[in-house]
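Chain and residue survey
Spelled out, the chains give:
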Amino acid sequence: MLAAISQNGAVMTLAVSMVQALNAALRDALRADDSVVVFGEDVGALGGVFRVTDGLTDEFGEDRCFDTPLAESGIVGFAAGMAMQGFRPVVEMQFDAFAYPAFEQIASHVAKMRNRTRGTVTMPMVIRIPYGGGIGGVEHHSDSSESHYAHIPGLKVATPATVDDAYSLLREAIDDPDPVVFMEPKGLYWAKAETELPARTAPFGHAATRRAGDDVTLVAYGPAVKVALEAAEAASEEGVEAEVIDLRTLAPYDDVTVAKSVSNTGRCVVISEATGFAGIAGELAARVQQECFYSLAAPVLRVTGFDIPYPPPMHEHHYLPSVDRVLDTINQLEWD
Amino acid sequence: MELPVEHLDENRVTGLLPSRDPVRLIDENGTLTDDDARGGYQLPPAEMLGDAYRRMVMGRRFDTEATALTRQGRLAVYPSSRGQEACQVGGVLALQQQDWLFPTYRDTMSLVTRGVDAVEALGLLRGDWHCGYDPMRERIAPQCTPLATHAPHAAGLAYAARRRGDDTVALAFIGDGGTSEGDFHEALNFAAVFGAPVVFVIQNNRYAISVPLSRQTAAPSLAYKGIGYGIRSEQVDGNDVAAVLAVLTDAIDHARSGHGPMLVEAHTYRIEAHTNADDAGRYRDASETAVWIPRDPISRLERYLSGAGALSEEDIRRVQESAEAYAEDLRARMNVDPVVRPEEMFEHVLTEPTPQLRRQRETVSGLSADGG
Ligand SMILES: Cc1ncc(C[n+]2csc(CCOP(=O)(O)OP(=O)(O)O)c2C)c(N)n1
Ligand SMILES: [Mg+2]
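Summarised in this report is the structure supplied together with it. (Residues numbered from 1 in each chain as written. Chains lettered and ligands numbered in written order. Predicted model: local features only at pLDDT ≥ 70, side-chain atom pairs only at ≥ 80, totals over all residues. Heavy atoms only, no water.)

Let us look at the interface of chain A and chain B. Contacts between the two partners involve 45 residues from chain A and, on the opposite side, 44 residues from chain B. Summed over both sides, the interface between chain A and chain B buries roughly 3700 Å², with carbon and sulfur atoms accounting for 59% of that surface. The largest per-residue losses of area from chain A upon contact with chain B belong to Phe78, Gln85 and Arg118 of chain A, which jointly make up 21% of the total buried on that side. Between Glu344 of chain B and Arg118 of chain A there is a salt bridge, and its shortest N-O distance comes to 2.7 Å. There are 22 residue pairs in polar contact (both at pLDDT 80 or more) connecting chain A and chain B. At the level of elements, strand S5 (65–67), helix H3 (72–83), helix H4 (103–110) and helix H5 (113–116) of chain A are the ones that each hand at least two residues to the side of chain A that touches chain B. (Contact = heavy atoms within 4.5 Å. Buried area = accessible area lost by both parts, 1.4 Å probe. Salt bridge = Lys/Arg side-chain N within 4 Å of Asp/Glu carboxyl O. Polar contact = N/O pair within 3.5 Å; in protein donor to acceptor, adjacent residues only side chain to side chain. Helix = DSSP H or I, 4+ residues; strand = E, 2+ residues; numbered from the N terminus.)

This is the structure:
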């Protein structure tokens, strides 16, 4: 739909934004499976505050894409009940920090239902959460809450960094028999790529090598992938070739791709926008040192958000992992 | 200045409000009440009351046995529903086969009343698994412990079933304390806005562990919480199973016939402590409990049915005998140590275990093989 057919019948690729790719994924999922329903706050006539659900109510009707009362716990709890009747709800949380009221439903029911009922009651649902900063948002609009969800057994956590992945991972999330928290990096919502939809990329649990390099491995996900790639280009000018790995899904986590790369490079920097303490980046660092200990030439380092509440817009550029901070960190990796 | 507010439709408002006093059909002495107390509800047929009597006796015997098993260390914990038999049994008997029940930890009696095997029903409290029965087969959600969090599930399931064209109704039990939780309110609101066929039944047993009702609400009665959501509400003497049956049958009809959700408050009392691990003497006086003993749901119905010639001494004896046999069977089966496999901890987390989960499973498997 987003790829135009030219007059001579050839498919032309067009520049597609991540928002458009997500919208196309929802549209195609709604078309493919009657049990898929989309709901949340302002997802109907408005099309969502980020327009990810734009036009879905028009095309599929109020039954398939609808606004709910303004209550996040209610939205997720209601979806859990619908899932018990065979629906595949895809619910939208308006912003990262506004998903917290739903945390109890997610942690105590959505994640655990399958386990507590020995697999008889399943929760094939997707909770979409726009997350992360760099968009000049005032407080409560820029949290990186992915670690909270990745810490909960029974959930899958996916986060695209490319337009193709946005489409493909969301389609896979909707088809998944288990609940998926789908973290959408707000900072990349409007990033465009020349592509043709429907795109299909590697399945969950497979990290992608976005750039090859032999000197250092940069492990990133979501919004940090862009930073990692830019840092890798800058490092290259100084003669250091960085391999950039995009995790794509935090749960399941791809130990193999990361370990293989670090075993080759011997150096590793983990980059994440989230607060560093007790977060995903720490988990990744621990796993890398455990699996690659004898290949490591330097300690595994992290570039993360500081251990402070997400700062106001005029400060956020100091908080977010930047190319400079990544380069400084690469420089600390015991090169001589 | 004239405000652009729609004029209140008095009938709509009064139509939502509960009866002034809890609906009661049979009083504490086993006597039929007068029209005033009945709130327009009819006495259920004698046959149905006889069935309710039998099930309440069985339910209480189950409850007593579970308490005894807990003392013997066979259950990790047991929250008794002694004194709440009319709600447990009335709620279940008002349901049809296609309906769904959403119980809490307190409502194990309702599970066995609905036909769940007693040992399976005690799975959560014995602790061999989180939910011992198959919810899809029984049409009973797993017993819910995080207060009120099952209420939105009941609304969602009821709404979804209706969309699928089924005439399923969901009944969710909730405690008086649970009505203070946000999820209770979100569930009521969702159910009302989406016209979900769900009946929320508050078992107001006057305590949330140690905290009395007066700390949960300043409302005239918990049944008044429905009106703010546009939900028709009712209150009932929760120790009068005839009234519970009449009110809930009507509420379920209301929901099934497309009129949306209903809220019913059943006034009852928690005779036992919160659980076996609780000491009620620290927060309530035995004299208070004593007031509720004569209001017992079973003796009241027994008196009524006997007086009406619908229950003989012989009938009573036979019901008691089958309750004893039921308890004996439960005791025997609960005295067998359940077989638990530590590997199972890893098997239901996800449809396909991750490589990391597989490794952890093997570790535990190896350790338990070493240990055994
Ligand atoms: C969200 C949550 N907070 C606290 C508890 C601990 N807790 C268990 S039962 C209970 C009291 C509940 O009272 P009520 O809703 O009246 O139900 P009852 O036990 O009387 O049946 C509390 C506080 C819990 N289970 N869930
Ligand atoms: Mg209570």
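Tetrahedral coordination by four donors places them ideally at 109.5 degrees to one another around the metal; octahedral coordination by six donors ideally gives 90 or 180 degrees. All names here are of chain B. Note on the magnesium ion (ligand 2): its protein donors are Asp176 (OD), Asn205 (OD1) and Tyr207 (O). The metal-donor distances range over 2.0 to 2.1 Å. Mapping the donors of the magnesium ion (ligand 2) onto the primary sequence yields the spacing D-x28-N-x1-Y. In this pair, Asp176 is assigned in the loop between strand S2 (170–175) and helix H10 (182–193) and Tyr207 in strand S4 (residues 207–208), connecting sequence segments 31 residues apart. Summarising the burial analysis for this pair, Asp176 and Tyr207 share the class buried. (Donors = N, O, S within 2.8 Å, 3.2 Å for Na, K, Ca; no water. Buried < 20%, exposed > 50% of the residue type's maximum accessible area, 1.4 Å probe, protein only.)

Moving on: a negative patch on the surface. Together, Asp42, Glu62, Asp63 and Asp67 of chain A line one region of the surface with negative charge. Looking at the secondary structure, you find Asp42 of chain A in the loop between strand S4 (36–40) and helix H2 (56–60). (Patch = residues over 30% accessible without salt bridge, like charges linked within 9 Å, V, L, I, M, F, W, Y side chains within 5 Å. Areas by Shrake-Rupley, 256 points an atom, 1.4 Å probe, with all protein chains shown as cover. Lys, Arg positive; Asp, Glu negative; His and termini not counted. Charge placed at Lys NZ, Arg CZ, Asp CG, Glu CD.)

Let us look at the pairing of S2 of chain B. All names here are of chain B. Most of S2 is tucked away, with five of its six residues classed as buried. Examined bridge by bridge, strand S1 (residues 100–102) and S2 share three bridges and lie parallel to one another. Bridge assignment links Trp100 to a residue of S2, and that residue is Ala170. As judged from the six bridges shared by S2 and strand S3 (residues 198–204), these two strands associate in the parallel manner. (Pairing = 2+ DSSP bridges.)

All right, on to the packing of aromatic side chains then. Applying the stated criterion across every chain, the model contains 22 aromatic pairs over all chains. The interplanar angle of 50° and the centroid separation of 4.9 Å between the aromatic rings of Phe50 of chain A and Tyr189 of chain A together place this pair among those described as tilted. Of this pair, Phe50 of chain A sits in the loop between S4 and H2 while Tyr189 of chain A is found in the loop between strand S9 (180–185) and strand S10 (192–195), placing the two residues 139 residues apart along the sequence. Measuring from centroid to centroid gives 6.0 Å for Phe190 of chain B and Phe194 of chain B, while their planes differ by 40°, and the two rings are tilted. For the residue pair Phe190 of chain B and Phe194 of chain B, the accessibility class agrees, reading buried in each case. Counting every residue linked through ring pairs, the aromatic cluster contains Phe39, Phe66 and Phe78 of chain A together with Tyr159, Phe190 and Phe194 of chain B. Directly above the ring of Phe87 of chain A sits Arg164 of chain B, whose terminal nitrogen or CZ lies 4.3 Å from the centroid. Residue placement shows Arg295 of chain B over the ring face of Trp292 of chain B; its charged tip is 4.4 Å from the ring centre. (Phe/Tyr/Trp six-rings, centres within 6.5 Å; stacked < 30°, edge-to-face > 60°. Lys NZ or Arg CZ within 6 Å of the ring centre and 35° of its normal.)

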